[in-house]
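In case you want the letters, here they are:
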Amino acid sequence: MNLKQAWLASPGPDTWKEAGLLWLKGVCMGAADIIPGVSGGTIAFITNIYDQLMAAIKSFGLDAAKRLLRLDFSGALSLLHVRFLLPLLLGIVTALVGMARLMHHLLATYPVQVWALFFGLIAASIVVVAGRVGQVTLTRVAFCLAGAVGSYLLVGLIPVTTPENYGFLFLCGAVAICAMILPGISGAFILLLLGKYEYVTGALKAPFSGENPLIIIVFALGAGVGIISFARLLHWFMQRHYGPAVSLLTGFMIGAMRKVWPWKEVLETRLVGAREIVISERNILPAAFDSEVLWALALILLGCAAVLLLERLSKPVQPR
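Since the structure is predicted, the reported quantities are computational estimates derived from the model, not experimental observations.

Novice: Which parts of the structure should I look at to understand the overall build of the protein?
Specialist: When helices and strands are tallied, the protein shows 15 helices and 2 strands. Here the C-alpha radius of gyration of the protein, 20 Å, is about what a compact globule of 320 residues would show, namely 20 Å. Dimensions along the principal axes, computed over C-alpha positions, put the protein at roughly 65 × 50 × 35 Å. Counting over 320 residues, the protein shows a buried share of 47%. Considering only residue pairs separated by 6 or more positions, the protein has 78% of its internal contacts joining residues 24 or more positions apart. Both charge centroids of the protein, one from 24 positive and one from 16 negative side chains, sit 10 Å from each other.

Novice: Looking at this model, I keep getting lost on a nonpolar patch on the surface. Mind explaining?
Specialist: Judged by side-chain polarity, W7, L8, L21, W23, L24, L86 and L90 come together as a nonpolar surface patch covering roughly 660 Å² of accessible area. Contributing elements (two or more residues each) for the nonpolar patch: helix 1 (3–9), helix 2 (16–34) and helix 7 (82–109). The leading source of residues in the nonpolar patch is helix 2, at 3 residues. Turning to its location among the elements, L24 is positioned in helix 2.

Novice: How should I be thinking about unusual backbone geometry in this particular structure?
Specialist: One can expect most non-glycine residues to show negative phi and most peptide bonds to be in trans. Of note, the phi angle at L71 is positive, near 65°, even though the residue is not glycine. Of note, L71 is situated in the loop between helix 5 (62–69) and helix 6 (73–79).

Novice: Quick question: what am I supposed to make of the side chain of R83 here?
Specialist: Inspection of the secondary structure puts R83 in helix 7. For R83, a relative accessible area of 9% puts it in the buried group. One polar contact links R83 to D14, side chain to side chain, over a distance of 3.4 Å. The residues touching R83, leaving out its near neighbours within four places in the chain, are W7, L8, S10, P11, G12, P13 and D14.

Conventions adopted
- Residues numbered from 1 in each chain as written.
- Predicted model: local features only at pLDDT ≥ 70, side-chain atom pairs only at ≥ 80, totals over all residues.
- Heavy atoms only, no water.
- Helix = DSSP H or I, 4+ residues; strand = E, 2+ residues; numbered from the N terminus.
- Rg over C-alpha atoms; globule rule 2.2 N^0.38 Å.
- Buried < 20%, exposed > 50% of the residue type's maximum accessible area, 1.4 Å probe, protein only.
- Contact = heavy atoms within 4.5 Å.
- Lys, Arg positive; Asp, Glu negative; His and termini not counted.
- Charge placed at Lys NZ, Arg CZ, Asp CG, Glu CD.
- Patch = residues over 30% accessible without salt bridge, like charges linked within 9 Å, V, L, I, M, F, W, Y side chains within 5 Å.
- Areas by Shrake-Rupley, 256 points an atom, 1.4 Å probe, with all protein chains shown as cover.
- Salt bridge = Lys/Arg side-chain N within 4 Å of Asp/Glu carboxyl O.
- Polar contact = N/O pair within 3.5 Å; in protein donor to acceptor, adjacent residues only side chain to side chain.

Rendered as structure tokens:
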């Protein structure tokens, strides 16, 4: 088998149109992962590529490593789901590099509107994902409640100040990427809790400046180790216990709604370098029913509609 045959043998899109759609889904995942409180895993789930993503990550295992060590590149390529991952990762990187600065600006300038849009996205995602739980049982309800309580408490934690050495940055990459592939758990928010959100996104805003390339490489290496290790466990759990797993993920998303409520009151801030970081806030109701509230409601509906449209355009997945 030559390299071309091995490439065609690996799972992935068969046409440029399919590859373009997969790239677009990657862009949506990357854009979601930039926002603290929103998960790229949620986007993967509602666009019906979650199982493919888990299988693709799992393909980087011992069998592929053994073939690479024997210099059997064609054999390794046939096992690895590179044809699937390449357009998806290109989309994610496009969003992370191209939208990091924009998201920073929008969150600083239009916080209510941004959070309203993502509130709508997650609200509709909960409905979509909950529809895949299958038969409702006490066990599945318990998993959902556990996920909701755990996620609710997690997003209420206070960000901490942590060291900026490369060892800790590697660890942050490994932990954050695990959260990024879980629907409802935001990798960006985990970075915020670990005190590295501004540090990492600042490097992404200027990827070729100073030591930023090394920061990105170390973080990416940590993410690679974390995702290969965690994805195998998650894939096993999804395969063996689909209903409870989806129930748990639905709970994660319900609890995460605490973070994306549009109207907040800042209780405490901390100066980190030249930036003021919010470390404590609470959700409040809007002070008056004005044009800002109308815009927020419109964006919530837009977010819901976007998710339902994505779900309609994707192949339905039958509950197990």
